[in-house]
Amino acid sequence: MTTTLISGGTVVSATGRNTADVLVDGERIVAVLEPGSRALGVDLEASVDRVVDASGKYVIPGGIDAHTHMQLPFGGTEASDTFETGTRAAAHGGTTTIIDFAVQRYGERVQDGLAAWHEKAAGNCAIDYGFHQIVGGVDADSLAALRTLPDEGITSFKLFMAYPGVFYSDDAQVLRAMQVSRDTGMLTMMHAENGPAIDVLAEQLAEQGKTDPYFHGVARAWEMEEEATHRAIMLAKLTGAPLYVVHVSAKQAVEQLAWARDQGWRVFGETCPQYLYLSLEEQLGARSEEWGAFEGAKWVCSTPLRSHAEGHQAAMWQALRTNDLQMVSTDHCPFCMKDQKELGLGDFRKIPNGIGGVEHRMDLMYQGVVTGEITLERWVELTSTTPARMFGLYGRKGVIQPGADADLVVYDPNGHTSIGIGEGRTHHMNMDHSAWEGYEIDGRVDVVLSRGKVVVEDGAYLGAKGDGRFVKRGLSQYLG
């Protein structure tokens, strides 16, 4: 078993920071000590196999991205990152655990969908991984199967109020699934948009010749997100199910969550970096010499990017400060422009929905620390500690303490990261463009350990395919 000492760094948790040494033995953290401590009876620096000097740097628990879609079939194609390429890119960015989504569609069995995702991921991941279960066909068989999933380490499932004909569940189906959530303690995750109404708006825009990517955001109006969020909340209240709303982008949807939480209801929400930084006007409305008005397809995702003029981005940052939103995930679902996004040339309805971001979440959120949007401790809480608690991993993940997995990131606040494709920039995702081209970060991932193994150091990938393992999750530790 290899022993490693991370010495002299500032250990940052969700509740504070202090200078400390972190001792790793094999895959676990075994001690957090005062710098230079001889409490264990030896000179640690002289006795361990390896010393990582973290002086002047932060030592944080590895990031947990609780919302990714590797190899997801969607819109006539498949997300361009495999579990191998996507998790390697995640490691480069300081994320050491992902929770992806196994998929069951209408007419399919939940067990078959889960088995298919296990087959895709097993032996291919660079970091540890878990699964949520998407339920695209709510019926007696799938409801019965859901009740068995906690024994498999799958303790959350996702429903869609959007995408009629693909994943959509009507209110009666949502209610029945939430009753299972109530009975089992599983967490209901919800894509909250009024899909049938959106389809009408999208069809009407297309009939008017308004087919550019910009109109993707117009069709998926914030009213559609606010309405569905409220409806999901009320169904959760009626059934007694805990509810977690994914990729919240509209300030009005946040207001619905805040209202429910003020009543003491078990309602939670996440947002994503794209809803903090990007916008309808600047990205979906972008033009380029190569693609013209179709340039905006790079940023087509659902829920969509919202108007900067309406203040949605500032509202998301505020909600993260007030804990009306508890987490930041990526909804990483990458597609290349060539042969994938361009399927929607001339019709925004056919553009595969998704943005690549698993590599950049930790950096983009750290930039929020630099600009004063959030504190250093809140950065760790949003990106690691709360995801671990929300999805039944805390104690093993999301914390630096004896007994926890040695998933650790040494982050250099004096470093610099240039995001994008090309020399001197970081880009390891399997995409032909970057949604974050040109973003500059006043910090840098220096060293990444996954269960005690150094997988990234000074920008170099030192890990191997298959380093990551499937992690069974317990019930949410955030519901009390």
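In this report, we go over the structure that sits alongside the text. Residue numbers run consecutively from 1 along every chain, following the written order of its sequence. Per-residue local features are limited, in this predicted model, to residues with pLDDT of at least 70; the limit for side-chain atom pairs, both in listing and counting, is 80 or more; totals at the level of whole chains, interfaces and linings are taken over all residues. As a convention, hydrogens and water are excluded, and side-chain values are obtained from all of the structure's heavy atoms.

In this section: the pattern of salt bridges. Think of a salt bridge as a Lys or Arg side-chain nitrogen and an Asp or Glu carboxyl oxygen that are within 4 Å of each other. Within the structure shown, the criterion is met by 30 salt bridges. The partner of R28 in a salt bridge is D405, and the shortest N-O contact between them spans 2.9 Å. Remark: D405 occurs in the loop between α14 (376-390) and β16 (408-412) and R28 occurs in strand β3 (residues 28-33); sequence separation between them is 377 residues. Burial classes: relative accessible area under 20% of the type maximum marks a residue as buried, over 50% as exposed, and values in between as partly exposed (1.4 Å probe, protein chains only). We classify R28 as partly exposed; its relative accessible area is 38%. Note that K338 is salt-bridged to E342, the shortest N-O span being 3.9 Å. Elements are defined by DSSP. Helices are runs of H or I of four residues or more, strands are runs of E of two residues or more, and each kind is numbered from the N terminus.

This next bit is on the nonpolar core. Within this scheme, the nonpolar core is defined by two criteria: the residues are buried Ala, Val, Leu, Ile, Met, Phe, Trp, Tyr or Cys, and they are joined through side-chain atoms within 4.5 Å. In this structure, M190, L243, Y244, M365, W379 and F391 are the most contacted members of the largest nonpolar core, which totals 131 residues. The biggest single contributor to this core is α14, with six residues. By definition in these notes, contact holds between two residues if any of their heavy atoms fall within 4.5 Å. Apart from residues lying up to four places away in sequence, M365 is in contact with L276, W317, L320, V328, I374, W379, L382 and T383. Among the nonpolar cores identified, the runner-up in size contains 18 residues, and V22, V399, A406 and V410 belong to it.

What follows deals with helix α13 (residues 361-370). With nine of its 10 residues buried, α13 lies for the most part within the structure. All of the buried residues in α13 are R361, M362, D363, L364, M365, Y366, Q367, G368 and V369. At the C-terminal side of α13, G372 shows a positive phi close to 85 degrees.

The relative placement of two aromatic rings is captured by the distance of their centres and the angle of their planes. Ring geometry is summarised as follows: Phe, Tyr and Trp rings, the Trp one being its six-membered ring, pair when their centres sit within 6.5 Å, and such pairs are stacked at plane angles under 30 degrees, edge-to-face over 60 and tilted between the two. In this structure the tally under the stated criterion is 20 aromatic pairs. Measuring from centroid to centroid gives 5.4 Å for Y214 and F215, while their planes differ by 85 degrees, and the two rings are edge-to-face. Owing to a relative accessible area of 31%, Y214 belongs among the partly exposed residues under this scheme. Centre to centre, the rings of W436 and Y439 are 5.3 Å apart; their planes meet at 80 degrees, and the pair counts as edge-to-face. Joined through ring pairs, the aromatic side chains of Y58, Y366, W379 and Y411 make up one cluster. A cation sits over an aromatic face here: K158 above F101, 4.7 Å from the ring centre. By definition here, charges over rings are those cases where NZ of Lys or CZ of Arg is within 6 Å of the ring centre and within 35 degrees of the ring normal.

On to the environment of G466. For G466, the location among the structural elements is in the segment after β21 (460-461). In this structure the C-alpha to C-alpha distance between G466 and F83, which are 383 residues apart in sequence, comes to 10.0 Å. Apart from the residues within four sequence positions on either side, G466 is in contact with G123, N124 and C125.

A word on unusual backbone geometry. The omega angle of the peptide bond from S302 to T303 is 0 degrees, so this bond is cis rather than trans. Among the structural elements, T303 can be located in the loop between α11 (280-284) and α12 (312-322). We note that Y163 has phi near 60 degrees; this positive angle belongs to a residue other than glycine. By the secondary structure assignment, Y163 is in the loop between β11 (156-160) and α5 (171-184). Among the residues examined, Y163 registers a relative accessible area of 15% and is labelled buried. The backbone of D458 sits at a positive phi, close to 50 degrees, despite the residue not being glycine. For D458, the position within the fold is in the loop between β20 (453-457) and β21. For D458, a relative accessible area of 54% translates into the label exposed.

The residue M189 is located in strand β12 (residues 187-191) in this model. It is 8.7 Å that separates the C-alpha atoms of M189 and F160, two residues lying 29 residues apart in sequence. In contact with M189, not counting residues within four places along its chain, are F101, H132, S156, F157, K158, L159, Y244, V246 and F391.

Within α12, the full set of buried residues consists of H312, Q313, A315, M316, W317, A319 and L320. A positive backbone phi angle near 65 degrees is found at N323, which sits one or two residues after α12.

Another aspect to go through is the packing of α13 against α14. For helices, the axis comes from a line fit to the C-alpha atoms of the stretch in contact; other axes are also lines fit to C-alpha atoms, and the angle between any two N-to-C directions lies between 0 and 180 degrees. Packing of α13 against α14 brings their axes to within 9 Å, and their N-to-C directions diverge by 150 degrees. On the basis of their axis angle, the class for α13 and α14 is roughly antiparallel. At the point where α13 passes α14, the crossing takes the right-handed sense. Contacts from R361, M362, M365, Y366 and V369 in α13 reach L376, W379, L382 and T383 in α14. Broken down by class, the residue content of the contact of α13 with α14 amounts to seven nonpolar, one polar and one charged. Angles below 35 degrees are treated as roughly parallel, those above 145 as roughly antiparallel, those between 65 and 115 as roughly perpendicular, and all remaining angles as oblique. Definitions for this section: a left-handed crossing has its near helix turned counterclockwise from the far helix by less than a right angle. A right-handed crossing has that turn clockwise. Ten residues, namely Ala, Val, Leu, Ile, Met, Phe, Trp, Tyr, Cys and Pro, are considered nonpolar, four, namely Asp, Glu, Lys and Arg, are considered charged, and the remaining ones, Gly among them, are considered polar.

All right, on to the side chain of H312 then. Considering the arrangement of structural elements, one finds H312 in helix α12. The buried category is assigned to H312, whose relative accessible area is 0%. Residues in contact with H312, not counting those within four places in the same chain, are W222, S249, A250, K251, Q252, R306 and S307.

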